[in-house]
Amino acid sequence: MAKMVVVYRKPAHVDAFEKHYFGTHIPLAKKIPGLRKYEISSGPVTVIAGPPDVHLIATVYFDDLDAMKKGFASPEGQAAGADRRLYAPDESGVQMFVFDTREV
């Protein structure tokens, strides 16, 4: 299973972020071919040390990294990526981690 974990920092306008994220971005992303599951954090995100600046964490799942690459290269994946740049236009508001997993 391959995952992408997306960490969104607290936006300047939380209500506008959430309206767009839940009303536009999630429906777009759920159309990406090969997407197996889409999860988001529920409730506050805390950190062990320091002040939390994280608003939301999203995790999307694909069968493997090739399926993820194909999904994001598709028109639906390109649309979701372009939309993400509307509400998180640069790396200051979002961090993305992509990796394959294995059970141990």
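Quick summary incoming for the structure in this document. Bear in mind that the values here come from a model prediction, so they are computed numbers and not experimental data.

Regarding the packing of aromatic side chains
Remark: the centre distance and the inter-plane angle together describe each pair of aromatic rings, the angle taken between the planes.
Link 1 in the chain: What the rule picks out here adds up to eight aromatic pairs.
Link 2 in the chain: Both rings, one in Tyr8 and one in Tyr87, keep their centres 5.8 Å apart while their planes meet at 40°; by these two values the pair is tilted. Highlighted residues: Tyr8 in strand S1 (residues 2-9) and Tyr87 in helix H3 (residues 75-87), separated in sequence by 79 residues. Tyr87 matches Tyr8 in its accessibility class, with the two residues each being buried.
Link 3 in the chain: By the ring-pair criterion, three or more aromatic residues cluster together here, those being Tyr8, Phe17, Tyr21, Phe22 and Tyr87.

A word on the pattern of salt bridges
Link 1 in the chain: In this structure the tally under the stated criterion is three salt bridges.
Link 2 in the chain: As a salt-bridge pair, Arg9 and Asp53 come within 3.3 Å of each other at their nearest N and O atoms. Separated by 44 residues along the polypeptide, Arg9 in strand S1 and Asp53 in the loop between strand S2 (37-40) and strand S3 (54-62) bring together distant segments of the chain.
Link 3 in the chain: Residue Arg9 is classed as partly exposed on the basis of its relative accessible area of 26%.
Link 4 in the chain: On the accessibility criterion, Asp53 (39% relative accessible area) is partly exposed.

Focus on the packing of helix H1 (residues 14-29) against H3
Link 1 in the chain: Packing of H1 against H3 brings their axes to within 9 Å, and their N-to-C directions diverge by 170°. With respect to H3, the axis of H1 lies roughly antiparallel. On H3, the residues that touch Phe17, His20, Tyr21, Thr24, His25, Leu28 and Ala29 of H1 are Ala79, Ala80, Asp83, Arg84, Leu86 and Tyr87.
Link 2 in the chain: Grouping the constituent residues of the contact of H1 with H3 by class yields eight nonpolar, three polar and two charged.

Comments concerning H3
Link 1 in the chain: Compared with the 18 Å implied by 1.5 Å per residue over 13 residues, the 19 Å span of H3 between its first and last C-alpha is a close match.
Link 2 in the chain: For H3, the full list of buried residues reads Gly77, Ala80, Gly81, Asp83, Arg84 and Tyr87. All buried residues of H3 fall inside an arc of 160° around its axis, so they share one side. Facing away from the buried side of H3, by more than 90 degrees, are the exposed residues Pro75 and Leu86.
Link 3 in the chain: The secondary structure elements touched by the buried residues of H3 are S1, H1, helix H2 (65-73) and strand S4 (94-100).

What counts, and where the lines are drawn
- Residues numbered from 1 in each chain as written.
- Predicted model: local features only at pLDDT ≥ 70, side-chain atom pairs only at ≥ 80, totals over all residues.
- Heavy atoms only, no water.
- Phe/Tyr/Trp six-rings, centres within 6.5 Å; stacked < 30°, edge-to-face > 60°.
- Helix = DSSP H or I, 4+ residues; strand = E, 2+ residues; numbered from the N terminus.
- Buried < 20%, exposed > 50% of the residue type's maximum accessible area, 1.4 Å probe, protein only.
- Salt bridge = Lys/Arg side-chain N within 4 Å of Asp/Glu carboxyl O.
- Axes fitted to C-alpha atoms, helices over the stretch in contact; angles between N-to-C directions.
- Parallel < 35°, antiparallel > 145°, perpendicular 65-115°, else oblique.
- Contact = heavy atoms within 4.5 Å.
- Nonpolar A, V, L, I, M, F, W, Y, C, P; charged D, E, K, R; others polar.
- Expected span 1.5 Å × (residues − 1).
- Arc of directions from axis to C-beta.

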